[in-house]
Amino acid sequence: AEENSSLSSRTATVTVTGNGLSPQTVTITQAGAAAYLNLSTTTVSVAAASGSTGTFNIASNTSWTISDNQTWLTLSVANGSNDGTITITVTGNSSTSPRSATVTISGSGVSDQTVTVTQAGSAAYLNLSTATVSVAYTAGATGTFSITSNTTWTITDNQTWLTLSTAAGSNDATITVTATANSSASTRSATVTVSGKLQILPG
C-alpha cells in the first residue's frame, strides 16, 4: 500500500475469480496515520513599524485553531486544516523596548504548540515644541514648552533665577519654567537643556 496520510482508515477490495467458480473477495483495511502538527519555527521577529509582518508554516494532517494573547498582533486566519502559512501583522511599537506575544496552535489529537513573536522597539527620539520661550519680567512669570519623546530624559537649566516644573521624566510631557522678577532694564536669558538647548528669553 501507499502511505495513508489521512487520519481516517481506508479500505480496498481484492476480488479473485476462477473459471467456473464463485468470485472470492479479500477486504484490505489500511490504518489512518497518527495526527501530527509541526511548525517551521517557534520564534518570529517583526519590525517596530505599524503593519510589519512575519510568517511561519504549519505542516499537519489534522484540523487546528490558532490564537494570540496580545491586542497589538493579528493573525491571517483563526483556524484551518492540514498545511498552512500563517501571517502575523502588528501595530506600531512606539516604545524603545521590544515586546512579545505568544501565538498558540491547538490541533485535533496533538499537543498545543506555541510561537513567540518579538517586535523590535522603535529608535529613541526626543523633540521639543519650540526652541525659544519668552516670559514677563514680573516675579512668578511662567512659560511652557512640550517634550515629545519615547524615552527617558533629564532637564536642567543654568540660571538660579529660573526654576523648572520637573527635573526628569519619560515620554511626552509639558514643562513649565518659572522666573523670579527681573529688576534690570535689560533682558536676561537662561539655557534649559533636554538633550538639546532651549533658550528662555524673559521680556
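Everything here concerns the structure above.
The structure presented is a predicted model; accordingly, all values stated were derived computationally and were not measured. (Residues numbered from 1 in each chain as written. Predicted model: local features only at pLDDT ≥ 70, side-chain atom pairs only at ≥ 80, totals over all residues. Heavy atoms only, no water.)

### Remarks on the overall build of the protein
Logical step 1: Along its length, the protein carries 0 helices and 21 strands.
Logical step 2: Taking 203 residues into account, the globule formula puts the C-alpha radius of gyration at 17 Å, and the protein, at 34 Å, lies well above it.
Logical step 3: Taking the principal axes of its C-alpha atoms as reference, the protein extends roughly 130 × 20 × 20 Å.
Logical step 4: Pairs at least 24 residues apart make up 55% of the contacts formed inside the protein by residues separated by at least 6 positions.
Logical step 5: For the protein, the accessible surface area stands at approximately 11,400 Å², while carbon and sulfur atoms represent 47% of it.
Logical step 6: Once the 4 positive and 7 negative side-chain charges of the protein are each reduced to a mean point, those two points are 22 Å apart. (Helix = DSSP H or I, 4+ residues; strand = E, 2+ residues; numbered from the N terminus. Rg over C-alpha atoms; globule rule 2.2 N^0.38 Å. Contact = heavy atoms within 4.5 Å. Areas by Shrake-Rupley, 256 points an atom, 1.4 Å probe, with all protein chains shown as cover. Lys, Arg positive; Asp, Glu negative; His and termini not counted. Charge placed at Lys NZ, Arg CZ, Asp CG, Glu CD.)

### Examining the nonpolar core
Logical step 1: Counting 19 residues, the largest nonpolar core has Phe56, Ile58, Val103, Ile105, Val115 and Val117 as the members making the most contacts within it.
Logical step 2: Where this core is concerned, the elements lending two or more residues are β3 (37-39), β4 (43-46), β5 (53-60), β6 (63-68), β9 (84-90), β10 (99-107) and β11 (113-119).
Logical step 3: In terms of nonpolar packing, the next biggest core, distinct from the first, is built from 15 residues, Val133, Val135, Trp161 and Val177 among them. (Core = buried A, V, L, I, M, F, W, Y, C linked by side-chain atoms within 4.5 Å. Buried < 20%, exposed > 50% of the residue type's maximum accessible area, 1.4 Å probe, protein only.)

### Thoughts on the environment of Ser81
Logical step 1: You can see Ser81 is positioned in strand β8 (residues 79-81).
Logical step 2: For the pair Ser81 and Thr62, spaced 19 residues apart in the sequence, the C-alpha separation amounts to 5.5 Å.
Logical step 3: Setting aside its immediate chain neighbours within four residues, Ser81 contacts Thr62, Ser63 and Trp64.

### A look at the environment of Trp153
Logical step 1: Structurally, Trp153 is set in strand β15 (residues 152-154).
Logical step 2: In this structure the C-alpha to C-alpha distance between Trp153 and Ala167, which are 14 residues apart in sequence, comes to 8.7 Å.
Logical step 3: Setting aside residues no more than four positions away along its own chain, Trp153 makes contact with Leu126, Ile147, Thr166, Ala168, Gly169, Ser170, Asn171, Ala173, Ile175 and Val194.
Logical step 4: A distance of 2.9 Å separates a polar atom in the side chain of Trp153 from the backbone oxygen of Asn171. (Polar contact = N/O pair within 3.5 Å; in protein donor to acceptor, adjacent residues only side chain to side chain.)

### Brief notes about the environment of Thr89
Logical step 1: Structurally, Thr89 is set in strand β9.
Logical step 2: As for Thr89 and Phe56, which are separated by 33 residues in sequence, their C-alpha atoms are 12 Å apart.
Logical step 3: Setting aside anything within four residues of it in sequence, one finds Thr89 in contact with Gly51, Ser52, Thr53, Trp72, Leu73 and Thr74.

### Observations regarding the sheet that holds β8
Logical step 1: The strand order across the open sheet formed by 5 strands is β4-β11-β10-β6-β8, and the pairing between neighbours is mixed. Two strands bound the open sheet, and with one partner strand each, they are β4 and β8. Taken over all neighbouring pairs, the strand axes of this sheet differ in orientation by 25 degrees on average, direction set aside.
Logical step 2: Alignment of β10 against β11, held across 7 bridges, turns out to be antiparallel. Across the sheet, Ile105 pairs through a bridge with Gln113, a residue of β11. (Pairing = 2+ DSSP bridges. Axes fitted to C-alpha atoms, helices over the stretch in contact; angles between N-to-C directions.)

### Some words on the sheet that holds strand β14 (residues 141-149)
Logical step 1: Across the sheet, which stays open at both edges, the 4 strands sit in the order β12-β14-β19-β17 with antiparallel pairing between neighbours. Edge positions in the sheet fall to β12 (126-128) and β17 (162-164), since each has one partner strand and no second. Averaged over all pairs of adjacent strands, the angle between strand axes in this sheet comes to 25 degrees, irrespective of strand direction.
Logical step 2: Bridge count for β12 against β14 is 3 bridges, and the pairing is antiparallel. Each bridged residue has a counterpart across the sheet, and for Leu128 the counterpart in β14 is Ile147.

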